[in-house]
Amino acid sequence: MVGPEEVLSFWLDEVGPDGWYKQDEVLDAEIRKRFLSTWEAACEGKFSLWLTYPSGALAYTILTDQFPRNMFRSDGKAFSTDRAALSAAKSAIDKKWDLRIDEPARQFFYLPLMHSENLCDQERCVRLMCKRMSKSSESNLLHARAHREVIRQFGRFPYRNEALRRETTACEMTFVTQGGYGETVRSLQAAVG
């Protein structure tokens, strides 16, 4: 089992911005090797102490929101701790702990909102990206808006359907086959540019 410092050091320093959003089986395997047992302990509710201070809450949020997306890519387990991450993130944001974390790490308090299949969470994510992240984070804002647009359209993320064993509607299938999320991002970029 590792502590919050190890989670933050690995994700923020070792992986860093260049690796945060890449699909990389080597990185996924490394996260499984180093953090799977810690994530499993979080699933059992063992890290409530982490939630009592800003950097601990950030580590918990990364552990429960980011790491499962790498460890369980294309599997429903990738989203199994989203509620825990969302709860931790909302609590930290309400206490303004996000503002005590420097950018770019601060964004990881907002990503559970972006990953939520709830329009209110999506709206809040966009507002936070606008108000609490610098202009150098335009990419974060673009992706927050794209996630919000998908939820506005479908009320859920269609590209999760297979992993979550959900039926895909005809409209969702059209969305996916016509470029899905990537096309949503391109459309938003074109509207701004």
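Residues numbered from 1 in each chain as written. Predicted model: local features only at pLDDT ≥ 70, side-chain atom pairs only at ≥ 80, totals over all residues. Heavy atoms only, no water.

## Remarks on the environment of Phe154
Tracing the backbone shows Phe154 in helix H7 (residues 138-154). Along the chain, Phe154 and Glu117 lie 37 residues apart, while their C-alpha atoms are 9.3 Å from each other. What Phe154 contacts, discounting residues up to four positions off in sequence, is Cys171, Glu172 and Phe175. (Helix = DSSP H or I, 4+ residues; strand = E, 2+ residues; numbered from the N terminus. Contact = heavy atoms within 4.5 Å.)

## Quick look at the domain arrangement of the protein chain
Per the domain assignment, the segments making up the protein chain are domain 1 (1-103) and domain 2 (116-192). Using C-alpha coordinates to define each centre, domain 1 is positioned 21 Å away from domain 2. Taking both partners together, domain 1 and domain 2 bury about 1,000 Å²; carbon and sulfur atoms supply 51% of that area. Of all residues in domain 1, Phe79, Ile93 and Glu103 give up the largest surface area on contact with domain 2, accounting jointly for 46% of the area buried on that side. Where domain 1 packs against domain 2, one counts 4 salt bridges. Tallied by class, the residues present in the side of domain 1 that touches domain 2 amount to 5 nonpolar, 2 polar and 8 charged. (Domains from an automatic or database assignment. Buried area = accessible area lost by both parts, 1.4 Å probe. Salt bridge = Lys/Arg side-chain N within 4 Å of Asp/Glu carboxyl O. Nonpolar A, V, L, I, M, F, W, Y, C, P; charged D, E, K, R; others polar.)

## Considerations on the layout of surface pockets
In this structure, the largest pocket occupies an estimated 1,200 Å³ of space. In terms of lining residues, the largest pocket is bounded by 34 residues, among which Arg69, Arg73, His115, His147 and Tyr159 are the most central. Secondary structure elements with two or more residues in the lining of the largest pocket: helix H1 (4-20), helix H3 (54-71), helix H5 (111-114), H7, helix H8 (170-177) and helix H9 (180-192). Here the lining of the largest pocket takes 4 residues from H7, the largest share from any one element. Here the residues of the lining of the largest pocket are counted per class, giving 15 nonpolar, 13 polar and 6 charged. (1 Å grid on protein atoms, 1.4 Å probe; cavity = no way out; pocket = protein on both sides within 12 Å on 5 of 7 lines; lining within 4 Å. Points joined across faces, edges and corners; volume = space filled by probe spheres on them.)

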